[in-house]
Amino acid sequence: MMDNSDLVLCLTPVYNDWESLQVLADEIRTAFSQSANKKFKILAIDDGSTEQNNHIFDKKEVEIISLKKNVGHQRAIAIGIQYVNDKYLNNQPTEKNATGHLVVLDSDGEDSPSYILSMVDAAEGRVVFAQRTKRSESTSFKLGYWFYKKTFKLLTGKSISFGNFSAIPFSLLKPIALNTDIWNHFSGSIIKSRIPYVTYPTVRGKRYEGKSKMNTTNLIVHGLSAVSIYFDVLCIRLLRFSLIALTFCSIGVGYIFYQKIFTENAIPGWASSLVLIIFSIIIQLFSVTFVVLLFQLNTRKRIEAPDEHLFKKFLDQNEA
């Protein structure tokens, strides 16, 4: 059985960013040199990189896990979490009493390794997410990120103000590994799962090499992925909105007919037509949303057991 009592596994997806991974390994080593009772290991998920790795890493410090193809940032994290659960936790006699921590972070340097030990110390029986108190992206990106957070709150009723940078106690890793939502959006799935979490204030680090791959398109896809795991909640909120709108439209139609029939007040001819058009649109929105929600709820009768070994299908032959 492995002794994981003081082990901190640093999970990071990598796509052609081998120079940054080298710098990250050096900075993590420096951060852990200040701790006498904790050891680290980096698990780098090679997300189908097309550029060859020309760097030599210490195998005791860095384990590179190669995937058959590029699956994207979020799924690479999901694969890594299931890999850790299989290799490091299934050897424990009782997962609930498993010790050690998993830290999820980017390899580009924007998630500063200097916060790892503090976040691990705060992760006792809960997940700790790094919340950036200061951002240095462009104004357009900041605006897009603000819009993403507000839209997420509006559509789901939940707040999200952090990314993937997090520290997870091994004792909480099993339910996260079995949560199918992590394949779409890691941090959003933690919020939905009701696993206890807190945030830890951090400052965005400087990127080691190159430019960020998170452009406007990627941010939109990332945001929609977060909303998608709340699809049933979204449908309920749309139904509620439709009912409120239908109520107001009904009042509007009733008021217009009342003015036309019982008073001599001048009502524009287009007023009733406009209200009826809006009324019909809202009815269609309500109907479509209601039917989609029923289809969504109907899928719940097809119960499938969580597959904690799904990650193995993505591993390169040498890894599997």
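The structure contained in this document is the topic of the report that follows. (Residues numbered from 1 in each chain as written. Predicted model: local features only at pLDDT ≥ 70, side-chain atom pairs only at ≥ 80, totals over all residues. Heavy atoms only, no water.)

## A word on the overall build of the protein chain
To keep it simple, the criterion reads: Each helix corresponds to a stretch of at least 4 residues labelled H or I by DSSP, and each strand to a stretch of at least 2 residues labelled E; elements are numbered beginning at the N terminus. Residue contacts are defined here by distance: any two heavy atoms, one from each residue, within 4.5 Å place the two residues in contact.
Looking only at helices and strands, one finds 9 helices and 7 strands in the protein chain. Put simply, 79% of the contacts in the protein chain that link residues at least 6 apart link residues at least 24 apart.

## A short note on the nonpolar core
The nonpolar side chains of a soluble globular protein tend to be buried, and buried together. This is how it is decided: Among buried residues, the Ala, Val, Leu, Ile, Met, Phe, Trp, Tyr and Cys ones that are joined through side-chain atoms within 4.5 Å form a nonpolar core. Relative accessible area decides the class of each residue, using a 1.4 Å probe on protein chains only: under 20% of the type maximum gives buried, over 50% gives exposed, and in between gives partly exposed.
Grouped together as the largest cluster of nonpolar side chains are 47 residues, with contacts concentrated most on Ile81, Leu102, Ile168, Ile176 and Phe186. Ignoring anything within four residues of it in the chain, the contact list for leucine 102 reads Leu9, Leu11, Ile81, Val84, Ser166, Ala167, Ile168, Phe170 and Leu173. By size, the runner-up hydrophobic cluster in this structure holds 27 residues, among which are Phe32, Val103, Ala130 and Phe165.

## Some words on unusual backbone geometry
Non-glycine residue asparagine 16 carries a positive phi angle of around 65°. Along the chain, the position of asparagine 16 falls in the loop between strand S1 (7-14) and helix H1 (18-32). A relative accessible area of 17% means that asparagine 16 is categorised as buried.

## Description of a nonpolar patch on the surface
Stated precisely, the cut-off is as follows: What makes a patch is a set of residues exposed beyond 30% relative accessible area and free of salt bridges, joined within 9 Å when like-charged and within 5 Å when nonpolar (Val, Leu, Ile, Met, Phe, Trp, Tyr). Note that accessible areas follow from Shrake-Rupley with a 1.4 Å probe, and for residues the cover is restricted to the protein chains shown. Within this document, salt bridges are pairs made up of a side-chain nitrogen of Lys or Arg and a carboxyl oxygen of Asp or Glu, the two lying within 4 Å of each other.
Among the surface-exposed residues, Phe257, Tyr258, Ile261 and Phe262 lie close enough to one another that they form a single nonpolar patch of about 470 Å² accessible area. Mapping phenylalanine 257 onto the fold places it in helix H8 (residues 231-262).

## A word on the packing of aromatic side chains
As a reminder of what qualifies: Working definition: a ring pair exists when centres of Phe, Tyr or Trp rings (six-membered ring for Trp) sit within 6.5 Å. Plane angles under 30 degrees give stacked, over 60 give edge-to-face, the rest tilted. Only Lys NZ and Arg CZ are tested; either one counts as a charge over a ring when it is within 6 Å of the ring centre and within 35 degrees of the ring normal.
Under the counting rule described, the total for this entry stands at 10 aromatic pairs. Ring geometry for phenylalanine 129 and phenylalanine 162: centres 4.3 Å apart, planes at 15°, overall stacked. With a gap of 33 residues between them, phenylalanine 129 in strand S5 (residues 127-134) and phenylalanine 162 in the loop between helix H4 (139-156) and strand S6 (166-169) connect regions that are remote in the sequence. Ring geometry for phenylalanine 129 against tyrosine 197: centres 6.0 Å apart, planes inclined by 80°, an arrangement best described as edge-to-face. Here the residue phenylalanine 129 occupies a position in strand S5, and tyrosine 197 occupies one in strand S7 (residues 197-203), the gap between them amounting to 68 residues. Look at phenylalanine 129 and you get buried, because its relative accessible area is 0%. With relative accessibility at 30%, the residue tyrosine 197 sits in the partly exposed group. Between lysine 192 and the ring centre of tyrosine 230, over which it is positioned, the NZ or CZ distance is 5.9 Å.

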